[in-house]
Amino acid sequence: MRQEERRARTRAALLRAAASAFASRGYDGASVDAIAASVGLSKGAVYAHFPSKLELYLGVLTGLLEQAEWRLERVATAIRGGSSPLDASRQYLGLGGDAQHAALMSELWRTAAIEPQIRTIVERFVDERLSVLSRACIERGMTPAASLDFAETVARFIDAGMLYRRVDDASAELAGS
């Protein structure tokens, strides 16, 4: 295996481990030491790939937001097909990886409140999400004003769905302890 391939595999393993750590312990609670240990590496190896914990988190967010875009396309398809806002929003979840996705999205919103660079990412995501959803509404035949209202309602239902999912998962964890 070539050096580039090993490096790419190590980076991917670190991102998976970091996603799991950030989902379960949050940005503040996840330690670089624990992430490194979970994949059998040293903290120095993590820093060879990611210069800081924030850079590692940003790497996880890149993958998370790619997932979100794919999930939003499912929602947009439902909107174009005539679904109600609630039914369209339900297309966002119901896939493999929902628990981790909801946990990471919740953490993204929480971290945005304290980290300006993350806040910028969230603001961009919110704008792009509204654009995708409102474009689907226009393709469905709605007026621009109605499209924005419908899209914003769907987005809020998605956020609520993820919050409920997160609370349900946390309750299940507590009940299992």
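This text goes with the structure placed above it.
Quick look at the structure, then. (Residues numbered from 1 in each chain as written. Predicted model: local features only at pLDDT ≥ 70, side-chain atom pairs only at ≥ 80, totals over all residues. Heavy atoms only, no water.)

Focus on the environment of R80
Then step 1. One can find R80 in helix α4 (residues 53-80).
Then step 2. In this structure R80 touches E73, A136, E139 and R140, once residues within four positions along its chain are discounted. (Helix = DSSP H or I, 4+ residues; strand = E, 2+ residues; numbered from the N terminus. Contact = heavy atoms within 4.5 Å.)

Describing the packing of aromatic side chains
Then step 1. A complete count under the given rule lists 3 aromatic pairs for this structure.
Then step 2. Between Y27 and Y57, the aromatic rings sit 4.8 Å apart at their centres with planes inclined by 55°, giving tilted as the arrangement. Residue Y27 is found in helix α1 (residues 3-29), and its partner Y57 is found in helix α4; the two are separated by 30 residues along the sequence.
Then step 3. Residue Y27 is classed as buried on the basis of its relative accessible area, which comes to 13%.
Then step 4. Look at Y57 and you get buried, because its relative accessible area is 0%.
Then step 5. Among the aromatic side chains, those forming a connected cluster through ring pairs are F22, Y27 and Y57.
Then step 6. The ring of Y92 carries the charged tip of R71 above its face, separated from the ring centre by 5.7 Å. (Phe/Tyr/Trp six-rings, centres within 6.5 Å; stacked < 30°, edge-to-face > 60°. Buried < 20%, exposed > 50% of the residue type's maximum accessible area, 1.4 Å probe, protein only. Lys NZ or Arg CZ within 6 Å of the ring centre and 35° of its normal.)

Here's the deal with the pattern of salt bridges
Then step 1. Counted according to the given criterion, the structure contains 11 salt bridges.
Then step 2. The partner of D98 in a salt bridge is R165, and the shortest N-O contact between them spans 3.9 Å. One end of the pair, D98, is in helix α6 (residues 98-112); the other, R165, is in helix α8 (residues 144-176), and 67 residues separate them in sequence.
Then step 3. On the basis of relative accessibility, which here comes to 29%, the residue R165 falls in the partly exposed class. (Salt bridge = Lys/Arg side-chain N within 4 Å of Asp/Glu carboxyl O.)

Regarding the environment of Y92
Then step 1. Here Y92 is to be found in the loop between α5 (85-89) and α6.
Then step 2. Spatially, the C-alpha atom of Y92 lies 8.7 Å from that of G161, the residues being 69 residues apart in sequence.
Then step 3. Once residues lying within four places of it in the same chain are set aside, the contact partners of Y92 are A68, R71, L72, V75, H101, M105, I158 and M162.

Here's the deal with the nonpolar core
Then step 1. Counting 51 residues, the largest nonpolar core has F22, I35, I79, Y92, L108 and I118 as the members making the most contacts within it.
Then step 2. Only α1, α2 (32-38), α4, α6, α7 (116-140) and α8 provide two or more residues apiece to this core.
Then step 3. Considering each element in turn, this core owes the most residues, 14 residues, to α4.
Then step 4. Each residue touching I35, except ones within four places of it in the same chain, is listed here: L14, A17, A18, A21, F22, A30 and L56. (Core = buried A, V, L, I, M, F, W, Y, C linked by side-chain atoms within 4.5 Å.)

Thoughts on a negative patch on the surface
Then step 1. On the surface, E66, E69, E123, D127 and E128 cluster together into a negatively charged patch.
Then step 2. At the level of secondary structure, the elements contributing two or more residues to the negative patch comprise α4 and α7.
Then step 3. Among the elements that take part in the negative patch, α7 stands out by supplying 3 residues, more than any other.
Then step 4. Along the chain, E69 falls in helix α4. (Patch = residues over 30% accessible without salt bridge, like charges linked within 9 Å, V, L, I, M, F, W, Y side chains within 5 Å. Areas by Shrake-Rupley, 256 points an atom, 1.4 Å probe, with all protein chains shown as cover. Lys, Arg positive; Asp, Glu negative; His and termini not counted. Charge placed at Lys NZ, Arg CZ, Asp CG, Glu CD.)

Quick word on the side chain of T111
Then step 1. Along the chain, the position of T111 falls in helix α6.
Then step 2. Under the relative-accessibility criterion, T111 is labelled buried at 1%.
Then step 3. Not counting residues within four places of it along the chain, the set of residues in contact with T111 comprises Y27, Y57 and I118.

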